[in-house]
Amino acid sequence: MARVKLVRIAHARSGDKGDTSNVGLIALRPAFYPVLVEQVTAARVQKHFEGICLGAVERFELPNLGALNFLLHESLDGGGTLSLKTDAQGKTYSAALLRMEIDVPDALLSENPVSS
Amino acid sequence: MIRIANGQGFWGDSLEAPLEQIRRGPIDYLTLDYLAEITMSILQKQFSRDPRTGYARDFVEMIQRGARDIIDRRIRVVANAGGVNPQACASAVLKSGLSVATVSGDNILDRLDDLIARGVELKNLDTGAPLASVRPRVQSANVYFGGAAIAEALATGAQVVVTGRTTDTGLVLGPLMHEFHWKPGEWDKLAAGTIAGHTVECGAQCTGGNCQVEWQTIPNFADIGYPIVEAEPDGTFVITKHAGTGGRITVASIKEQLLYEMGDPREYITPDCIADFTSIQLKQDGDNRVRFTGIRGRPATDMYKVSISYSAGFKAVGALIYSWPDAYAKAQASDRILRERLDRLGLRFDSIRTEFGGVNACHGPLAGEPAPDIAEVIMRVGVRSEDRSVVERFTKEIAPLALNGPPTVTGFGAGRPKVEEIVAYWPALLPKTEAAPVIAVQEA
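Just so it is clear, the structure is predicted and the values come from calculations on it, not from any experiment.

Undergrad: Run through the overall build of chain B, naming residues and quoting values.
TA: Helices and strands together make up the secondary structure of chain B, namely 12 helices and 19 strands. Compactness check: chain B gives a C-alpha radius of gyration of 24 Å against a globular reference of 22 Å for 444 residues, within 12% of the reference. A buried classification covers 48% of the 444 residues belonging to chain B. Long-range pairs, those at least 24 residues apart, make up 75% of the contacts in chain B with a sequence separation of at least 6.

Here it is as structure tokens:
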């Protein structure tokens, strides 16, 4: 088992709706999707964004895209024009989620190489 | 097969992209999105000062520059550039020799009091508060119409359609409903057109822009191609771009855009239908081509979404930059000094926030401690208040720190920060029986 950052096996894009940020997390290979489903739970994401996301975290599954969608409520200092944050639209929260560390079986990593 | 190009992802996007879409290969339709959630309030203010304004002038300039090719290549153009004055926008377009139809009826600002009096509360979708609580501060109120209204405008035969507030996705769905005679009830097809619209509505953000997968090898960003939908009557489609342009369209770049600004993926609600993003099947279909199949949809709801803007106080943001050595410690000290001075002045804010650029402005506590020899750090402080005068006073406390605070500081060249009026967004729902699109062919 290898402890790796999510950036090793997934990519992401984030955006906003009011004071809620959405982070879409996408497996770089289909084989990684079950790992995301099992380990990147709403509770873990909530803990990861402690001090940033002040509300609840919701998670939705998109198995057809090998992706998860997270809603981070109350995470943008009021959101939109009210927010005093540099990143008032949560555009960089995608990368912030990719900092999370998860456990991936060694064989899964060696059998599904990701370039770069 | 119909080719629908997007040439504008938001008001402020590339001025050249629409012209490149027209000139660098075959397209049938050019769609352009100019209206962000807050744009309407800016246009409403312009309109109240001068009734000849209130629309996106960038669009008219684009039409002037591209008119010859638009006419020669018989391209039809659909844009939500009309803002709060689609007729004035259409009248300006007419001068370039193009026929124009307008979609209006979305502006309900004058009807708010009547609606509230009749018990339509227009509750804030996020907070549940009734609109009456901010009614005196409302600056604009517009219903989002969908693709059906745009299809109706295209049926007039006008080459250009200019709308007020419409959904971004409707700009693509409208031409598809018109060309393929898709009707309410054909929910899977309407959902497919909606998802095609969602994929291209942010312009190059689906063709390699802002894409995290192997971004270093994405070719020729300087000449990035904007997206084109190649749509079939059965609801399947391919996303591609003109040959020879930069960027990269892969299943990965498309997936990123599909998830952008996504809520519940099973319920993407528009005035035309509910689209189910968990039904989408993607396949790479050659270089820079991704094919969509399998899309399912459900009946539309009986409500329109309404975009309301209201005045919500004032804010200002000031910044200074500190250099090595001890850059972070200096920036932190400067923030403490500034706050102490604001306290001594008796200034109270609804919110005050400090971020340190180079350290934590993007990722907050997740970024961890910076390297001890970090080269430079930006101290950025923002304040917000209902009271303009305290925000005004704050803006005068940044520059003095250049001489009377920690050393090796610069970046104050632009002078005092500006006080901004905050125009905030109030999303609400309105029964569909309360509003209807108005279609008109513009007369000279």
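Picking up where we left off.
Undergrad: Which residues make up the overall build of chain A, and what values go with them?
TA: Regarding its fold elements, chain A presents 4 helices and 6 strands. Beginning at the N terminus, the succession of helices and strands in chain A can be written as β-β-β-α-α-β-β-α-β-α. Whereas a compact globule of 116 residues would reach a radius of gyration of roughly 13 Å, chain A reaches 14 Å, a difference of no more than 12%. Seen along its three principal axes, the alpha-carbon backbone of chain A occupies a region of about 45 × 25 × 25 Å. Counting over 116 residues, chain A shows a buried share of 49%. Counted over contacts in chain A with a minimum sequence separation of 6, partners at least 24 positions apart contribute 60%.

Undergrad: Outline the sheet that holds strand β10 (residues 274-276) of chain B, supporting the account with residue identities and numerical values.
TA: All names here are of chain B. The 3 strands are arranged β9-β10-β13 in an open sheet whose pairing can be described as antiparallel. At either end of the open sheet lies a strand with only one pairing partner, and these are β9 (268-269) and β13 (296-298). Taken together, the 3 bridges between β10 and β13 define a ladder with antiparallel strand orientation. Note on β13: the bridge partner recorded for Asp276 is Arg296.

Undergrad: Which residues make up the pairing of strand β4 (residues 100-104) of chain B, and what values do they have?
TA: Residue and element names in this part refer to chain B. Of all 5 residues making up β4, 5 are buried, and the element is well covered by its neighbours. With 4 bridges joining them, β4 and strand β6 (residues 160-163) adopt parallel strand pairing. Opposite Thr102, over in β6, you have Val162 as the bridge partner. Pairing analysis gives 4 bridges linking β4 to strand β19 (residues 438-441), with the strands arranged antiparallel.

Undergrad: Tell me about the sheet that holds strand β3 (residues 20-27) of chain A, residues and numbers included.
TA: All names here are of chain A. With antiparallel pairing, the 4 strands of this open sheet are ordered in space as β2-β3-β5-β4. Looking at strand neighbours, the two that pair on one side only are β2 (10-17) and β4 (57-62), the edges of this open sheet. Neighbour-to-neighbour, the strand axes of the sheet open up by a mean angle of 20°, direction not taken into account. Pairing geometry for β3 and strand β5 (residues 67-72), over 6 bridges, is antiparallel. Bridge assignment links Asn22 to a residue of β5, and that residue is Leu71.

Undergrad: Explain the domain arrangement of chain B to me, and be specific about the residues and the numbers.
TA: Domain parsing of chain B yields domain 1 (2-106 + 144-301) and domain 2 (309-426). In this structure, domain 1 of chain B and domain 2 of chain B have C-alpha centres spaced 38 Å apart.

Undergrad: Outline helix α4 (residues 86-94) of chain B, listing residues and values.
TA: One turn of the α-helix equals 3.6 residues, which is why residues spaced by three or four share an orientation. Turning to α4 of chain B, its buried residues are Pro86, Ala88, Cys89, Ala90, Ala92 and Val93 of chain B. Packed against the buried residues of α4 of chain B are α3 (57-72), β4 and β6 of chain B.

Undergrad: Now, about the nonpolar core: what can you tell me, with residues and values included?
TA: Residues Ala10 and Leu25 of chain A together with Phe59, Cys89 and Val161 of chain B are the most contacted members of the largest nonpolar core, which totals 141 residues. Element by element, the count of residues in this core is highest for strand β14 (residues 303-323) of chain B, at 8 residues. Formed jointly, this core draws a minimum of three residues from each of two domains, domain 1 (2-106 + 144-301) and domain 2 (309-426) of chain B. Beyond its immediate sequence surroundings of up to four residues, Phe59 of chain B is in contact with Leu32, Tyr34, Ala79, Ala81 and Cys89 of chain B. Grouped together as the second largest cluster of nonpolar side chains are 14 residues, Phe356, Met379, Ile398 and Leu401 of chain B included.

Undergrad: How would you summarise the environment of Gly203 of chain B if you had to cite specific residues and measurements?
TA: Residue and element names in this part refer to chain B. Structurally, the position occupied by Gly203 is in the loop between α8 (187-200) and β7 (228-231). Judged by the 24 C-beta atoms lying within 10 Å of it, Gly203 falls in the buried class. The spatial distance from the C-alpha of Gly203 to the C-alpha of Gly7 is 6.3 Å, given a sequence separation of 196 residues. Filtering out sequence-adjacent residues up to four positions away, Gly203 remains in contact with Asn6, Gln8, Gly9, Asp13, Ala17 and Tyr226.

Undergrad: Describe the interface of chain A and chain B, naming the residues involved and giving the relevant values.
TA: Opposite the 32 residues of chain A that make contact, chain B presents 40 residues. Breaking the side of chain A that touches chain B down by element, the ones donating at least two residues are β2, β3, β4 and β5 of chain A. Take the side of chain A that touches chain B: its biggest share by element is 5 residues, from β2 of chain A. In the side of chain A that touches chain B, the residues fall into 11 nonpolar, 14 polar and 7 charged.

Undergrad: Can you lay out the packing of helix α7 (residues 170-180) of chain B against α8 of chain B for me, pointing to particular residues and giving the numbers?
TA: All names here are of chain B. One can describe the packing of α7 onto α8 by two numbers: an axis separation of 7 Å at closest approach and a directional angle of 140°. One way to sum up the angle between α7 and α8 is to call them oblique. Crossing angle aside, the handedness with which α7 passes α8 is right-handed. The segment α7 lies against α8, with Gly170, Leu171, Val172, Leu173, Leu176 and Met177 engaging Leu190, Gly193, Thr194, Ala196, Gly197 and Val200. Classifying every residue of the contact of α7 with α8 gives 8 nonpolar, 4 polar and no charged.

Undergrad: Please set out α7 of chain B residue by residue, giving values where relevant.
TA: Residues and elements named next belong to chain B. Counting buried positions along α7 gives 9 out of 11 residues, so the element sits mostly inside the fold. For α7, the complete set of buried residues consists of Gly170, Leu171, Val172, Leu173, Gly174, Pro175, Leu176, Met177 and His178. Residues of α7 that are buried sit in contact with β1 (2-6), β2 (29-32), β3 (76-79), α6 (147-154), α8 and β7. Among the residues trailing α7, His181 stands out with phi positive, at a value near 55°.

Quick notes on the rules
- Residue numbers run consecutively from 1 along every chain, following the written order of its sequence.
- Starting at A for chains and at 1 for ligands, labels are handed out in the order in which the entities are written.
- In keeping with the predicted nature of the model, local features appear solely for residues at pLDDT of at least 70, side-chain atom pairs appear and are counted solely at 80 or more, and the whole-chain, interface and lining totals rest on all residues.
- Here a strand is any run of E in DSSP of at least two residues, a helix any run of H or I of at least four, and the numbering for each starts at the N terminus.
- Radius of gyration means the value over C-alpha atoms here, while the globule rule gives 2.2 Å times the residue count to the 0.38 power.
- Labels follow a simple rule on C-beta atoms placed from the backbone: if 20 or more others lie within 10 Å of a residue's own, it is buried; if 12 or fewer, it is exposed; otherwise it is partly exposed.
- Contact between two residues is assigned whenever their backbone-derived C-beta positions fall within 7 Å.
- At least two bridges found by DSSP between two strands is the condition for calling them paired.
- With axes taken as lines fitted to C-alpha atoms, and helix axes fitted only over the stretch in contact, angles between N-to-C directions fall between 0 and 180 degrees.
- All the domain ranges listed were derived from an automatic or database domain assignment.
- Here a nonpolar core is just a set of buried residues of the types Ala, Val, Leu, Ile, Met, Phe, Trp, Tyr and Cys, joined wherever their C-beta atoms sit within 7 Å.
- Ten residues, namely Ala, Val, Leu, Ile, Met, Phe, Trp, Tyr, Cys and Pro, are considered nonpolar, four, namely Asp, Glu, Lys and Arg, are considered charged, and the remaining ones, Gly among them, are considered polar.
- Working definition: roughly parallel below 35 degrees, roughly antiparallel above 145 degrees, roughly perpendicular at 65 to 115 degrees, and oblique for all remaining angles.
- We call a crossing left-handed when the near helix sits turned anticlockwise from the far one by less than a right angle, and right-handed when that turn is clockwise.

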